[in-house]
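# Observations on chain architecture
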Amino acid sequence: MPKLQAPRGTYDVLPEQAAARLALENVARRVLEGAGYERIETPVFEATELFSRGVGASTDIVQKEMYTFTDAGDRSLTLRPEGTAPICRAYVEHGLHVASQPVKLWYLSQFFRHERAQAGRFRQFWQVGAETIGADDPAVDAESILLLWTLLTELGVGGIQLRLGSLGTPAARAAYREELSAYLRAHEERLSAEVITRIDLNPLRAFDADHPGTRAVMAGAPILMDALAPEDLAHFEEVRARLDVAGVGYRLDPTLVRGLDYYARTVFEFTSDLLGAQSAVGGGGRYDGLVEQLGGPPTPGCGWAAGVERILLSAEHRPEPHAVCDLYVAGTGVAPFALAAEARRAGLNVQLELAGRSRKGQRKQATRLRASHVALVDDDGAIVLEDSESEERESVAGASAAVAHILKGRHL
Ligand code: HAM
């Protein structure tokens, strides 16, 4: 039979990689829950319309990258390509706007994008993210950025840089888009074919192009930050002032383009020098119109997501220590099982001999497990307990006595 493989762009998390992921989750939980964020998980698939409305019909994500299917009930569903639109959907659906604001939520979940697979880019990937919904204070933007910076720093992600920009309000952006489209049209002969087809749909993406002619044209293009309304500029200055006092360094990037349409005002992205072409380790920004776009009341919001695979690729690995094994139980028949069950009820970490090993094999296995005690149980239930460190052995009168003996040793 031909062997089967995991689909392109996906991977298995094997036990040796699970420890680093667990460490990441523990640090994320400590940093985010410590700052008052509560965990949220939303479904893996959603109505397709959530993303076409929320992420934006003209984005690459919606146009080319979604795993969309029709279910048996003839509904168009999509494997979530990102988490912000689903969380805003949940915020509206569960009336979270009546709770005390802002609502602060975090997640660690899988997402799906049909992108060209390469190092650091997968079709099923994980993000850790945080969203603050219901407050437009610049302190929210600054704190969001600071928390992502703290998380990446605590995880030991090397060579990080922060790029920061502001996109202003949708109205300022619309006026700016007109200006940029006119500029691009005036220089059409030097632009790449792809950029030309997007002049009306999404002229901002031209800043992203690798094409040399396009890059030369973009060097002289009008810049959105010069067109911000005074209140947006003031908001941005307040965000920057807070990052400055917190000692978070950043580079202002007036051309920072994010691949999602819901952003307004602050946008940011962290990159790592240790990653190759896919250098973005995390990013986000403010999305003040999104909740309303999804049928809720006008509600500001701000947040970010970071790629778990990219964090792991660019971080020092500090895996969690393995759970200790207090007792390894070997023997035949049902008696070993009774001892294991009783020891577990008493809170001990127990592993059973499951492979029919010889006595010699059992000793080796006990060493491999670094078990502090080994119990040899015979068919009649007689138990010999061995202390791995002192190598002392003694017969104990039944399971309860064995457990009491180990617990007593633990508390000495
Ligand atoms: P995003 O920039 O599309 O933003 O994704 C955030 C991060 O997810 C990226 O910086 C990258 O590390 C990781 N990522 C994205 N696509 C892939 C992929 N195909 N393979 C591996 N990693 C990937 C968002 O998704 C927004 N929802 C962030 C946000 C939250 N904005 C506001 N709140």
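Above this text is the structure in question.
In what follows, the accompanying structure is described. Computed from a predicted structure; not experimentally measured.

Rules used throughout
- Residues numbered from 1 in each chain as written.
- Predicted model: local features only at pLDDT ≥ 70, side-chain atom pairs only at ≥ 80, totals over all residues.
- Heavy atoms only, no water.
- 1 Å grid on protein atoms, 1.4 Å probe; cavity = no way out; pocket = protein on both sides within 12 Å on 5 of 7 lines; lining within 4 Å.
- Points joined across faces, edges and corners; volume = space filled by probe spheres on them.
- Helix = DSSP H or I, 4+ residues; strand = E, 2+ residues; numbered from the N terminus.
- Nonpolar A, V, L, I, M, F, W, Y, C, P; charged D, E, K, R; others polar.
- Pairing = 2+ DSSP bridges.
- Contact = heavy atoms within 4.5 Å.
- Axes fitted to C-alpha atoms, helices over the stretch in contact; angles between N-to-C directions.
- Core = buried A, V, L, I, M, F, W, Y, C linked by side-chain atoms within 4.5 Å.
- Buried < 20%, exposed > 50% of the residue type's maximum accessible area, 1.4 Å probe, protein only.
- Patch = residues over 30% accessible without salt bridge, like charges linked within 9 Å, V, L, I, M, F, W, Y side chains within 5 Å.
- Areas by Shrake-Rupley, 256 points an atom, 1.4 Å probe, with all protein chains shown as cover.
- Salt bridge = Lys/Arg side-chain N within 4 Å of Asp/Glu carboxyl O.
- Near = heavy atom within 4 Å.
- Polar contact = N/O pair within 3.5 Å; in protein donor to acceptor, adjacent residues only side chain to side chain.
- Parallel < 35°, antiparallel > 145°, perpendicular 65-115°, else oblique.
- Left-handed = near helix turned anticlockwise from the far one by under 90°.

Taken as a whole, the second largest pocket spans an internal volume of roughly 540 Å³. Lining the second largest pocket we find 27 residues, and of these Arg173, Asp261, Tyr262, Tyr263 and Ala264 sit closest to its centre. When contributions to the lining of the second largest pocket are tallied by element, the ones reaching two or more residues are α2 (48–56), α6 (170–186) and α10 (290–293). A per-element tally of the lining of the second largest pocket places α6 first, with four residues. Split by residue class, the lining of the second largest pocket holds 12 nonpolar, seven polar and eight charged.

What follows deals with the sheet that holds strand β6 (residues 124–133). Sheet architecture is open: eight strands sit in the order β1-β5-β6-β11-β10-β9-β7-β8, paired in mixed fashion. At either end of the open sheet lies a strand with only one pairing partner, and these are β1 (38–39) and β8 (251–252). Sheet topology places β6 next to strand β11 (residues 301–307); seven bridges connect them, and they run antiparallel. Bridge pairing links Gly129 to Ala305 in β11. Across the sheet, helix α1 (residues 15–34) lies against β1, β5 (103–112), β6 and β11, angled at about 160 degrees from β5, the strand it touches most. Packing of helix α9 (residues 230–246) onto the sheet brings it into contact with β7 (160–166), β8, β9 (266–272) and β10 (280–286), and relative to β7 it is tilted by some 160 degrees.

Next up on the list: the nonpolar core. In terms of nonpolar packing, the biggest core is built from 84 residues, with Val128 and Ile311 touching the most fellow members. With residues up to four places along the chain from it excluded, the contact list for Val128 reads Ala28, Leu32, Trp106, Tyr107, Leu108, Leu151, Trp304, Ala305, Ala306, Val308 and Ile311. Counting residues in each nonpolar core, the second largest holds 18 residues, with Leu348, Leu352, Ala375 and Ala402 among its members.

Here the focus is a nonpolar patch on the surface. Taken together, the side chains of Val44, Phe45 and Phe69 define a hydrophobic patch exposed on the protein surface, amounting to about 240 Å² of accessible area. Along the chain, the position of Phe45 falls in strand β2 (residues 45–47).

Below, the discussion takes up the site of the ligand. Taken together, 26 residues form the shell around the ligand, and within it Glu82, Glu115, Phe122, Glu131 and Tyr263 come nearest. Here Ala280 contributes a backbone N or O atom positioned 3.0 Å from an oxygen atom of the ligand. Within the backbone of Gly282, an N or O atom sits 3.4 Å from an oxygen atom of the ligand. Calculation on the ligand without its partners gives an accessible area of 660 Å², and the protein chains cover 96% of this total. The biggest single contributor to the shell around the ligand is β10, with six residues.

Applying the stated criterion across every chain, the model contains 26 salt bridges. Note that Asp232 and Arg265 form a salt bridge whose closest N and O atoms lie 2.8 Å from each other. Taken together, the residues span a long stretch of sequence, with Asp232 in helix α9 and Arg265 in the loop between β8 and β9 at a distance of 33 residues. In this structure Asp232 comes out as buried when scored by relative accessible area, which is 1%. Each of Asp60, Lys64, Glu194, Arg198, Arg205 and Asp208 takes part in one network of salt bridges that share partners.

Next up on the list: the sheet that holds strand β4 (residues 76–79). As summarised here, the arrangement of the three strands in space is β2-β4-β3, forming an open sheet in which the pairing is antiparallel. Each end of this open sheet is capped by a strand with a single partner; those strands are β2 and β3 (67–70). Geometrically, the sheet is characterised by an average inter-axis angle of 35 degrees between neighbouring strands, direction not taken into account. Examined bridge by bridge, β3 and β4 share four bridges and lie antiparallel to one another. Bridge assignment links Thr70 to a residue of β4, and that residue is Ser76. Packing of α2 onto the sheet brings it into contact with β2, β3 and β4, and relative to β2 it is tilted by some 75 degrees.

The contact between α1 and helix α5 (residues 138–154) brings their axes to 10 Å, and the two run at 150 degrees. As summarised for this structure, α1 and α5 are arranged roughly antiparallel, according to the angle between their axes. Between α1 and α5 lies a crossing of right-handed hand. In this structure, α1 uses Val27, Ala28, Arg30, Val31 and Leu32 to contact α5, whose residues at the interface are Leu147, Thr150, Leu151 and Glu154. Residues of the contact of α1 with α5, tallied by class, amount to six nonpolar, one polar and two charged.

The residue after Gln101, namely Pro102, is reached through a cis peptide bond having omega -5 degrees. On the secondary structure map, Pro102 appears in the loop between α4 (84–93) and β5. Unlike most non-glycine residues, Arg370 shows phi in positive territory, near 50 degrees. Secondary-structure assignment places Arg370 in the loop between α13 (359–369) and β14 (371–377). Overall, the relative accessible area of 68% leaves Arg370 in the exposed class. With a phi angle near 60 degrees, Glu391 is a residue other than glycine that sits in the positive phi range. With respect to the element layout, Glu391 can be found in the loop between β15 (383–387) and β16 (393–396). On the basis of relative accessibility, which here comes to 61%, the residue Glu391 falls in the exposed class.

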